[in-house]
Amino acid sequence: MLLLVLPLLLYMVVFYAYPLLSMLSRSLFTEKGLTGAVFVSLLGDPVFWRVLGITMQISLVVTLLCLLLAYPVAYALARMRQSHANLMMILVLIPFWTSILVRTYAWMALLGRRGIINNALVASGLIDTPLQLMNTRLAVYLAMVHVLLPFMILPLTATLRGLDWRLVQAANGLGAGPLGAFRQVVLPLSLPGVAAGCVLVFALSVGFYITPVLVGAGSDVMIAMLISDLVNQLNWGRASAMAVVLLLIVALVFALLARVVPLGRVLQGGR
């Protein structure tokens, strides 16, 4: 049995554990040995805290928007006939077949000053001059939600499909209306899918790079962009320290959600 698992273990050690430990060592060790001076310098830098605040704000808003948009879709997928659900699931998965870079350029074509949206508004007479839609926080939200929405829909759909919908019928039989049955039965039982989707979307959001660079404003710098600049400057220690901070933040979010929803149910999609 160990021989069957050995290739996977070797792969994880070489391509995951070793780079992670290397990153951690670069952030802790300097020419003088184990000092932690890089972290001390980083935590005392106001620029780092400002960028971290922007990153957290964008990531939380994107996660919330994805949840609000994905839940009705996942609920509909769980309740509709299997043949119709399969067709809808294909539509949900189509973005996975397109590069993030291509999708971001599509948003640039939509939101540019001479883009489709501005041209349509000017032609309709609703505005006289094009709106500033590109290089704004709104553009970042729209593009990131478009990319990350399937990561919220999939775990939610898996959890909702695993529910025993006879419980909803029982709640209706006991006098609960549709809203009451949803609030007291469906929503609590779907929390594992909510937790899994939020962890996935948030973890991907905090490390986003391409989309904020192309459609975001110059003032909305996210940590991944700052890490990229530090790597280009060959400042490996500071870049590694920022990457470690991101890893710790994602681990903290996962731990907090695990206190609300049992960790085993999150990993099993609520089943």
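The structure presented is a predicted model; accordingly, all values stated were derived computationally and were not measured. Here the residue index of a chain counts from 1 through its sequence in written order. Per-residue local features are limited, in this predicted model, to residues with pLDDT of at least 70; the limit for side-chain atom pairs, both in listing and counting, is 80 or more; totals at the level of whole chains, interfaces and linings are taken over all residues. With hydrogens and water excluded, all non-hydrogen atoms of the structure serve as input to the side-chain values.

*Asks:* I'm lost on the overall build of the protein in this one. Help?
*Replies:* Helix numbers and strand numbers start at the N terminus; a helix is a DSSP run of H or I with at least 4 residues, a strand a run of E with at least 2. When helices and strands are tallied, the protein shows 14 helices and two strands. Structurally, the protein occupies a C-alpha span of about 70 × 65 × 35 Å along its principal axes. By definition, residues are in contact when any of their heavy atoms lie within 4.5 Å. For the protein, long-range pairs separated by at least 24 residues make up 74% of all intrachain contacts whose partners lie at least 6 apart in sequence. Surface accessibility follows the Shrake-Rupley procedure with a 1.4 Å probe radius. Residue values consider only the protein chains on display as shielding. For the protein, the exposed area adds up to about 15600 Å²; of that, 71% sits on carbon and sulfur atoms. Side chains of the protein give 16 positive and 6 negative charges; the mean places of these two sets differ by 14 Å. His residues and chain termini do not enter the charge count, which takes Lys and Arg as positive and Asp and Glu as negative. A charge is said to be at NZ when it belongs to Lys, at CZ for Arg, at CG for Asp and at CD for Glu.

*Asks:* Would you take a moment to explain helix 4 (residues 82-93) for this structure?
*Replies:* Think of an α-helix as turning once every 3.6 residues; residues three or four places apart then point the same way. Multiplying one less than the number of residues by 1.5 Å gives the expected span of a helix. Here helix 4 is twelve residues long and its end C-alpha atoms lie 16 Å apart, about the 16 Å a rise of 1.5 Å per residue gives. Relative accessibility under 20% of the residue-type maximum defines a buried residue, over 50% an exposed one, and the middle range a partly exposed one, all with a 1.4 Å probe and only protein chains included. Taken as a whole, helix 4 has its buried residues at Ala-85, Met-89 and Val-92. Buried residues of helix 4, viewed axially, fall in a sector of 55 degrees; they line one side. Buried residues along helix 4 sit against helix 3 (46-79) and helix 7 (137-161). In this description, one arc is meant: the one made by directions from the helix axis to the C-beta atoms.

*Asks:* Which parts of the structure should I look at to understand the packing of aromatic side chains?
*Replies:* A ring pair, where both rings are aromatic, is described by two values, the distance of the centres and the angle of the planes. Geometry of aromatic contacts follows a simple scheme: Phe, Tyr and Trp rings, the Trp one being its six-membered ring, pair when their centres are within 6.5 Å, and the pair is stacked under 30 degrees between planes, edge-to-face over 60, tilted otherwise. If you walk through the whole model with that rule in mind, you get four aromatic pairs. Between Phe-48 and Trp-49, the aromatic rings sit 5.4 Å apart at their centres with planes inclined by 65 degrees, giving edge-to-face as the arrangement. Phe-48 gets classed as buried once you look at its relative accessible area, which sits at 1%. Given a relative accessible area of 45%, Trp-49 falls into the partly exposed group.

*Asks:* Just to check I follow, could you spell out unusual backbone geometry for this structure?
*Replies:* Peptide bonds are mostly trans, and most non-glycine residues show a negative phi. One non-glycine residue, Asn-135, lies in positive phi territory at about 60 degrees. Mapped onto the elements of the fold, Asn-135 is located in the loop between helix 6 (116-124) and helix 7. Although it is not a glycine, Leu-234 sits at a positive phi angle of roughly 60 degrees. Inspection of the secondary structure puts Leu-234 in the loop between helix 12 (223-232) and helix 13 (236-260). Among the residues examined, Leu-234 registers a relative accessible area of 59% and is labelled exposed.

*Asks:* Honestly, the UniProt feature "transmembrane region" (unreviewed entry) in the protein in this entry has me stumped. Any pointers?
*Replies:* UniProt positions are given in the numbering used here, feature names are shortened, and annotations may be inferred rather than shown by experiment. UniProt annotation of "transmembrane region" (unreviewed entry) refers to residues 47-73, 85-106, 138-160, 181-203, 209-227 and 239-261 when read in the numbering used here. The span residues 47-73 carries 100% helix and 0% strand; its end-to-end C-alpha distance comes to 39 Å. The annotated region residues 209-227 carries 58% helix and 0% strand content, and the separation between its end C-alpha atoms amounts to 10 Å.

*Asks:* Looking at this structure, how should I read the pattern of salt bridges?
*Replies:* When charged atoms on two side chains of opposite charge get close, those side chains can pair. Between Lys or Arg on one side and Asp or Glu on the other, a salt bridge is scored when a side-chain nitrogen of the former is within 4 Å of a carboxyl oxygen of the latter. Enumeration over the complete set of coordinates arrives at two salt bridges. The closest approach of N and O atoms between Asp-45 and Arg-238, which form a salt bridge, is 2.7 Å. With a gap of 193 residues between them, Asp-45 in the loop between helix 2 (37-43) and helix 3 and Arg-238 in helix 13 connect regions that are remote in the sequence. Owing to a relative accessible area of 15%, Arg-238 belongs among the buried residues under this scheme. For Asp-220, the salt bridge identified is with Arg-137, shortest N-O distance 2.9 Å.

*Asks:* Please explain the UniProt feature "domain: ABC transmembrane type-1" (unreviewed entry) in the protein as it appears in this structure.
*Replies:* Taken from the UniProt record, the annotation "domain: ABC transmembrane type-1" (unreviewed entry) applies to residues 52-257. Along residues 52-257 the backbone is 78% helical and 0% strand, and the end-to-end C-alpha distance reaches 21 Å.

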